[in-house]
Amino acid sequence: MIDRNILSKLSNKKTPFYYYDTSLLRRTIESIKKESGKYGYHVHYALKANTHDAVVKEMVSSGFGADCVSGNEVQYASEMGIPSERIAFAGVGKTDEEILTALRVGIFSFNCESIPEIEVINELAAKEGVVAPIAIRINPDVDPKTHEYITTGLKDNKFGINHWDFDVVASKLKKLKNIRLTGIHFHVGSQITDMSVFEQLSLKINKISAWFKDNDFQLQHINVGGGLGINYDSPASEPIADFAAYFKAFHEYIQLEEGQELHFELGRSVVAQCGHLISKVLYVKQGLETQFMILDAGMTELIRPALYGAHHDISVLTSELEEEKYDVVGPVCESSDVFAKGVMLPKSQRGDIIAIHSSGAYGQTMASSYNMRDLVLGYTTEEL
Ligand SMILES: *Cc1c(COP(=O)(O)O)cnc(C)c1O
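What you see is a predicted model, and the numbers here were worked out from it, not measured in a lab. (Residues numbered from 1 in each chain as written. Predicted model: local features only at pLDDT ≥ 70, side-chain atom pairs only at ≥ 80, totals over all residues. Heavy atoms only, no water.)

*Asks:* So, unusual backbone geometry: which residues are in play, and what are the values?
*Replies:* The omega torsion across T15 and P16 is -5 degrees, close enough to zero to call that bond cis. When you line up the elements, P16 lands in the loop between α1 (7-12) and β1 (17-20). Phi at Y362 takes a positive value of approximately 55 degrees, unusual for a residue other than glycine. Inspection of the secondary structure puts Y362 in the loop between β15 (353-356) and β16 (377-380). (Helix = DSSP H or I, 4+ residues; strand = E, 2+ residues; numbered from the N terminus.)

*Asks:* Can you tell me about the pairing of strand β11 (residues 291-295), naming the residues and giving the values?
*Replies:* By the criterion of burial, β11 is predominantly enclosed, with four of the five residues buried. Pairing of strand β10 (residues 275-286) with β11 involves five bridges; the strand directions are antiparallel. Paired with Q286 across the strands is Q291, a residue of β11. Linkage of β10 to β11, two consecutive antiparallel strands, is achieved through a turn of four residues. Relative to strand β13 (residues 323-329), β11 runs parallel, the two sharing three bridges. Each bridged residue has a counterpart across the sheet, and for F292 the counterpart in β13 is D327. (Buried < 20%, exposed > 50% of the residue type's maximum accessible area, 1.4 Å probe, protein only. Pairing = 2+ DSSP bridges.)

*Asks:* Mind laying out the pattern of salt bridges, listing which residues take part and the relevant values?
*Replies:* For the coordinates displayed, the defined rule picks out twelve salt bridges. Note that D374 and K14 form a salt bridge whose closest N and O atoms lie 3.7 Å from each other. Placement of the pair is D374 in the loop between β15 and β16 and K14 in the loop between α1 and β1, with a sequence separation of 360 residues. Note on K14: relative accessible area 65%, which makes it exposed. What emerges from the salt-bridge pattern is a single network uniting K34, E35 and K38. (Salt bridge = Lys/Arg side-chain N within 4 Å of Asp/Glu carboxyl O.)

What follows is the structure in structure tokens.
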């Protein structure tokens, strides 16, 4: 999976660090453009998955818009060259300062998650003398069949507006002068691998958009969010997600009005597989019933295993010896700082180089400096 020719370059860098395979990233982007382009769909890249500058530059040159979840992301997207009319801004807790930032950038859409938020945006837009384009984020009560921490579209999640509030929202929207409803927005969860979830979502959206039509709202766009999953168990066999099946699921089930745009916000599926966390073995320690492979990378660099019990495929890049069983752990003072338990890996020793695959999404962006550790850096193929 990692080209052996770059092993010497990887070995020369101080570990741990993220390596982003530019070639795979480009092939992934090409696939998304090809498959979404078949239907004229609009794609926003969900910045929170990965904000390494060189990675984001690939998104800019691909013509993707941005999906942002903070004022800083809106500012960054704009500074990196994403056209303001392609920037969406979601989040349940937008501060006044963040709303003002987005109003001044002049974004495509505020994806609004509550009635009080809509009122505040209206007020701030009035002060700025502008009309803010908004989409309401609707909670469609669709179960994405994924981990509960990355489930966002069930009726008791904190996200979105529920259908029983539609009447109140509609009458508000008709009264407020400094906002304009341009669309409806959904995002039901992440790491969704069952395409029937997107089918279910499309069918719910059809009912919801009919309600808006019946209530005299003309929706210019429908935004279905992101959530497409990737193959964490066997990344080498599926380096690029099945974008053909993904976009086709929507094409088959969603009903659009004449001229209505369909928007997507993909994060994980764009960047996960191109990223690898590169680390060195510090020590191999014999335990009671297992041996611990202690790495110089831990939950501070990649928190997904500790946070969601996520599984990442691991390779030893510098050993081809017979396999042995290891618990692969990090150095941080937390028992949850474990990458994998009881995995078979080539016999390794101090200094061996390890790659933790499928780490390009929600890896570096979720890093911390807990234990006063250095904040992890990232390099694309060209930057190595
Ligand atoms: C995180 C997020 C996304 C991206 O989700 P992925 O599962 O990474 O594709 C899209 N839209 C919103 C509103 C988000 O919060």
